[in-house]
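Given next are the chains, with one letter for each unit.
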Amino acid sequence: MSQWLVLTLAMAAACGVVLTITVLKERRITEDDDPSETPDVIEYLTMMVGVVYAIVLGLAIAGVWEARSAAEDTVRTEAQALHEVSARARAYPAPVRDRIRADVDAYVSHVVHKEWPVMAEQGALTGRGTELLAKVRADVTDYRPRNDFEGQSYQPLVDQVAVADGARTARGNAAESTLPGVVWFGLIIGGAISIGVMFTLQIRRSGRELLMAGLFSALIAFLLFLVWDFDAPFSRSISATVAPFLDLFPQA
């Protein structure tokens with residue numbers, strides 16, 4: 001069964017139960033009942049709607065902010081691992097060292113100039129980037145150390161390539177939207193309900209009330225925009241950048 005169908009049925013069932021109980025209770029009210037003796041529930045329900053929506057919205061903002069921070073950490077990890085590969089290769093003979101560094105530079109240049117725009121627009125990595133990183137891995141793993149000094153550098157180099165490969169995979173996974181559609185449905189509907197309940201409080205046309213209503217609506221819109229902007233860590237205005245690569249590889 002589709003999750004949207006389950007969600008629709010659950011919401012309809014909840015509304016139906018509440019309305020049924022309310023109607024049945026209304027029919028059992030006697031003539032001597034005085035409604036003024038019971039508190040008005042409108043203000044209470046309005047407050048609860050605001051509280052529940054604020055909690056959900058706060059969790060959404062925290063979630064996308066954490067995902068964005070994780071994406072930035074992933075980029076830094078990948079760049080640092082590649083820098084370590086390039087630096088540790090100094091223990092190898094000049095031809096091997098130069099080949100490793102040249103392939104690392106080629107991969108970084110591709111990531112900065114080619115792969116990053118594709119990742120921002122399509123939310124996916126490029127096959128060429130995978131090939132270039134595989135070439136770096138082959139450069140490192142295929143070399144046979146000739147002495148103990150080179151042997152001591154071999155395993156750390158292999159480990160750093162593995163770190164870079166893992167960070168690249170994590171970067172690709174982080175390029176897509178982190179919030180599922182059902183969450184967006186709840187955020188948008190909840191925002192509309194939160195704004196709509198203002199009209200149950202008999203809002204007037206006084207300047208003060210209109211100002212507060214406008215500011216409240218603008219705040220909801222701003223927070224939803226913030227969630228939307230953070231939801232794609234690499235493709236929108238407040239996004240993770242290639243700065244870690246450029247800091248460690250200025251020639252890229």
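As the structure is a computational prediction, the values presented were derived from the model and not from experiment.

Asks: Please provide a residue-by-residue account of the overall build of the protein chain, values included.
Replies: From N to C terminus, the protein chain includes eight helices and zero strands. Ordering the α and β elements of the protein chain from the N terminus gives α-α-α-α-α-α-α-α. Going through the 252 residues of the protein chain one by one, you find that 32% of them count as buried. Long-range contacts, defined as pairs at least 24 residues apart, comprise 77% of the intrachain contacts of the protein chain with a sequence gap of at least 6. For the protein chain, the accessible area works out to roughly 15400 Å², and carbon and sulfur atoms hold 62% of it.

Asks: Quick one: what's the story with the side chain of S153, residue by residue and with numbers?
Replies: Mapping S153 onto the fold places it in helix α5 (residues 148–174). Judged by its relative accessible area of 14%, S153 falls in the buried class. Discounting chain neighbours no more than four positions away, the residues touching S153 are R88, A91 and Y92.

Asks: Break down the side chain of T126 for me, citing the residues and quoting the values.
Replies: Examined against the element boundaries, T126 turns out to sit in the loop between α3 (94–122) and α4 (127–141). Side-chain polar atoms of T126 contact the side chain of E115, separated by 2.9 Å. Not counting residues within four places of it along the chain, the set of residues in contact with T126 comprises H110, E115, V118 and R168.

Asks: How would you explain the packing of helix α6 (residues 181–196) against helix α7 (residues 207–230) if you had to name every residue and give the values?
Replies: At a closest axis distance of 10 Å, the pairing of α6 and α7 adopts a crossing angle of 170 degrees. If you check the angle between α6 and α7, you find them roughly antiparallel. Here W184, L187, G191, S194 and I195 of α6 lie close against α7, whose contacting residues are F216, S217, I220, L224, V227 and W228. Considering only residue class, the contact of α6 with α7 consists of eight nonpolar, three polar and no charged.

Calculation criteria
- Residues numbered from 1 in each chain as written.
- Predicted model: local features only at pLDDT ≥ 70, side-chain atom pairs only at ≥ 80, totals over all residues.
- Heavy atoms only, no water.
- Helix = DSSP H or I, 4+ residues; strand = E, 2+ residues; numbered from the N terminus.
- Buried < 20%, exposed > 50% of the residue type's maximum accessible area, 1.4 Å probe, protein only.
- Contact = heavy atoms within 4.5 Å.
- Areas by Shrake-Rupley, 256 points an atom, 1.4 Å probe, with all protein chains shown as cover.
- Polar contact = N/O pair within 3.5 Å; in protein donor to acceptor, adjacent residues only side chain to side chain.
- Axes fitted to C-alpha atoms, helices over the stretch in contact; angles between N-to-C directions.
- Parallel < 35°, antiparallel > 145°, perpendicular 65-115°, else oblique.
- Nonpolar A, V, L, I, M, F, W, Y, C, P; charged D, E, K, R; others polar.

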